Amino acid sequence: MKKEIGEGIFKLVLRCLFLAFGTLHLAAWCAASAGTTTFHDNSEAIIGRVSTDEKVVALTFDDGPGTKYTPRILDLLSQYQAKATFFVVGWRVENYPDLILREDSDGHELGNHTFTHFNYRKMSTEQLIEEINKTQEAIFRVTGKRPIFFRPPGGYLSTSVKAAAMKEHLRIVNWSWDQETRDWSKPGVQNIVNKVLKNVHPGDIILFHDQSRGTFQTVQALKEILPGLMEKGYRCVTVSELLTYEKNRQNRSDMKWGTIDGERTMNYLVVVRLLFRSNL
Ligand SMILES: [Zn+2]
């Protein structure tokens, strides 16, 4: 017992130290580069939320399609006349073309989520380009359309990821930081519902998974989220449609690629998330 308490305190101290040093480091960097950062050019920006007063949000589903839950999610979306964006994995597109066809014919949007859901740390820019390219072609063979959005696995951003996406003319779409449901981790249906309904803002991009070990909770949660959003007056639209509601180009969640503090901030947030999620 004593040993567990000791370990707990040790982990907490380590996390706090990381947070303190990381935040100071980041603040110093931002201060040093003040005036050089631009958040105004959306053509190269990571899309995380759209600035709008319209009550519209984009539901996004990653890692599918999968035979078990994707059809149930599609049924729910059509029941509530909601449109979504599916960030699909290339090899699954090849294995389950009927689900891709249904996503497309139901009026949803398809985004590229790599071919193998790669381990980005081990891949060169060339390999990333191949991953993206193979997925684009797989989707094109089924639907006759090529996606315009790319979401890297885990939302991870690096110079290589950026270069690969730009080479393939894809815009990177992540999600609103207060709309990360963590549904894959089985947080409980009510927690997923609350995360979305209590934090929702116009222009949010909400993250779900239609293929993960927690997706049965996602399906249950959607049964409350979809009518809940309707009750609040929200419409669920594709990412492409969401962008048409953007009221100005100073999107507060967007960070321009090529500015080191933008990349640092995003990656810092990813590390903080992992740190507090893991057992260290
Ligand atoms: Zn993923």
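Conventions adopted
- Residues numbered from 1 in each chain as written.
- Predicted model: local features only at pLDDT ≥ 70, side-chain atom pairs only at ≥ 80, totals over all residues.
- Helix = DSSP H or I, 4+ residues; strand = E, 2+ residues; numbered from the N terminus.
- Buried ≥ 20, exposed ≤ 12 C-beta atoms within 10 Å, placed from the backbone.
- pLDDT = per-residue confidence, 0-100.
- Contact = placed C-beta atoms within 7 Å.
- Axes fitted to C-alpha atoms, helices over the stretch in contact; angles between N-to-C directions.
- Parallel < 35°, antiparallel > 145°, perpendicular 65-115°, else oblique.
- Left-handed = near helix turned anticlockwise from the far one by under 90°.
- Nonpolar A, V, L, I, M, F, W, Y, C, P; charged D, E, K, R; others polar.

Undergrad: Quick question: what am I supposed to make of unusual backbone geometry here?
TA: Of all residues except glycine, most have a negative phi; of all peptide bonds, most are trans. Going from G64 to P65, the amide bond is cis rather than trans, its omega being 0 degrees. Within the fold, P65 resides in the loop between β1 (56-62) and α2 (70-79). Phi angles above zero are rare outside glycine, and D63 is one such case at about 80 degrees. Assessed through the 21 C-beta atoms surrounding it within 10 Å, D63 is described here as buried. Not every positive phi belongs to a glycine, and K186 is a case in point at roughly 55 degrees. Residue placement: K186 occurs in the loop between β5 (171-172) and α7 (189-199). K186 sits in the partly exposed class, given 16 other C-beta atoms within 10 Å.

Undergrad: How should I be thinking about the confidence of the model for the protein in this particular structure?
TA: On average, residues of the protein score 83 in pLDDT, and 73% of them are at 70 or above. Counting contacts from residues 28-43, a segment whose pLDDT is below 50, to residues more than four positions away or on other chains yields 21 contacts.

Undergrad: Can you help me understand the packing of helix α5 (residues 125-143) against helix α6 (residues 159-167) in this one?
TA: Each pair of packed helices can be described by the angle between their axes along with the distance between the axes. It is the contact of α5 with α6, at a shortest axis distance of 9 Å, that shows an interaxial angle of 45 degrees. Classified by the angle between their axes, α5 and α6 sit oblique to one another. The hand of the α5/α6 crossing is right-handed. Note on element contacts: α6 touches α5 through S160, V161, A163, A164, A165 and K167, opposite T125, L128, I129 and I132. Across the contact of α5 with α6, the residue classes tally to 7 nonpolar, 2 polar and 1 charged.

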